[in-house]
Amino acid sequence: MTTALVTGATAGIGAAFARRLARDRHDLVLVARDADRLRRQAAELHDRHGIEASVLPADLSTDEGIGAVEKRLSDPEHRVDLLVNNAGFGLKGAFLDVPLADELRMLKVHCEAVLRLTSAAVEPMKERGGAVINVSSVAAFFPRGTYSASKSWVVQFTAGAARDLAGSGVRLMALCPGFVRTEFHQRASMDMESLPGWMWLEADRVVDAGLKDLDRGKFVSVPDPRYKMITGTSRLAPRNSLASLSSRVGRRNGPKRGR
Ligand SMILES: NC(=O)c1ccc[n+]([C@@H]2O[C@H](COP(=O)([O-])OP(=O)(O)OC[C@H]3O[C@@H](n4cnc5c(N)ncnc54)[C@H](OP(=O)(O)O)[C@@H]3O)[C@@H](O)[C@H]2O)c1
């Protein structure tokens, strides 16, 4: 039996990872801030699939939270074979409308936590193999504020580290989904009603496609042909037109004020 640690495991893409990995008979360590929700989820996955699911409540926007997960990943008594760095969130509003403290919190969760947890996981994995999936986004390929920049960092960091570790038995992959139906947009108070239906993906399918790409040895996975085409085109388009397109799609809801 192998063990997977999933951050942001209680909702959306992280919960889909937890379901799929439990079905595949991995024991789980589930990380998020809401301890009650984590415990309910762990009990349900244990009852349904007969796996061991433990919970590790942690806020990855704090040093204490990141430190607690680092400690678990480095524990020689309890190995972790697969790390999924998935926890993340969106912010509504254009540059300067979003409070700087929120942007810094995003960098902590999307970049610092991913760097520190990947480092903590990979060190012991070098002895006996393992894998890390860092959840990025199609937004990584479009200029759109700190969210896109942080997800772009995830892609570049992960692909670079994957190259450095090639042949070591440790695989790394950045997963870049398009729009996925989760709690993400609602939590950020984004009104997504005008997004065409064809642009929405289902979390379970994103996870299935991502795990398939990990098995194929990809460093970067863009699940779904529609988004493969969009990201392919983005590499050819001028940066200014990409910025205005992503600004229209992503920030049409206007700035979030008064927080
Ligand atoms: N939905 C999309 O369209 C989409 C597209 C591309 C990429 N993504 C990326 O996919 C990842 C998962 O997003 P999702 O759509 O599944 O969002 P979601 O449904 O809102 O779930 C987010 C998860 O992250 C946890 N989380 C948030 N902040 C945290 C923190 N500071 N510390 C620890 N856990 C935290 C949440 O639990 P608690 O609140 O209990 O902590 C929850 O389990 C994110 O990295 C996101 O950027 C999403």
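In this text the structure is predicted, and so the values were computed from the model without any measurement.

Next up on the list: the overall build of the protein. Regarding its fold elements, the protein presents 9 helices and 7 strands. A compact globule built from 259 residues would reach a C-alpha radius of gyration of about 18 Å, and the protein, at 18 Å, matches this within 12%. C-alpha extents for the protein along the principal axes are approximately 50 × 40 × 35 Å. Within the protein, buried positions represent 42% of all 259 residues. Long-range contacts, defined as pairs at least 24 residues apart, comprise 68% of the intrachain contacts of the protein with a sequence gap of at least 6.

On to the site of the ligand. Taken together, 29 residues sit near the ligand, with Gly-8, Gly-12, Arg-33, Gly-88 and Phe-184 positioned nearest. Elements with a contribution of two residues or more to the shell around the ligand: helix H1 (12–23) and helix H6 (184–187). Tallied by class, the residues present in the shell around the ligand amount to 13 nonpolar, 10 polar and 6 charged.

The end-to-end C-alpha distance of helix H3 (residues 63–74), which contains 12 residues, comes to 16 Å, matching closely the 16 Å that a straight helix rising 1.5 Å per residue would cover. Along H3, the residues classified as buried are Gly-65, Ile-66, Val-69 and Leu-73. End-on view of H3: buried residues confined to an arc of 95°, all on one side of the axis. Opposite its buried face, H3 presents the exposed residues Glu-64 and Lys-71, each directed more than 90 degrees away. Against strand S1 (3–7), strand S2 (27–32), strand S3 (53–57), strand S4 (82–85) and helix H4 (100–128) lie the buried residues of H3.

Scoring rules and cut-offs
Residues numbered from 1 in each chain as written. Predicted model: local features only at pLDDT ≥ 70, side-chain atom pairs only at ≥ 80, totals over all residues. Helix = DSSP H or I, 4+ residues; strand = E, 2+ residues; numbered from the N terminus. Rg over C-alpha atoms; globule rule 2.2 N^0.38 Å. Buried ≥ 20, exposed ≤ 12 C-beta atoms within 10 Å, placed from the backbone. Contact = placed C-beta atoms within 7 Å. Near = placed C-beta within 6 Å. Nonpolar A, V, L, I, M, F, W, Y, C, P; charged D, E, K, R; others polar. Expected span 1.5 Å × (residues − 1). Arc of directions from axis to C-beta.

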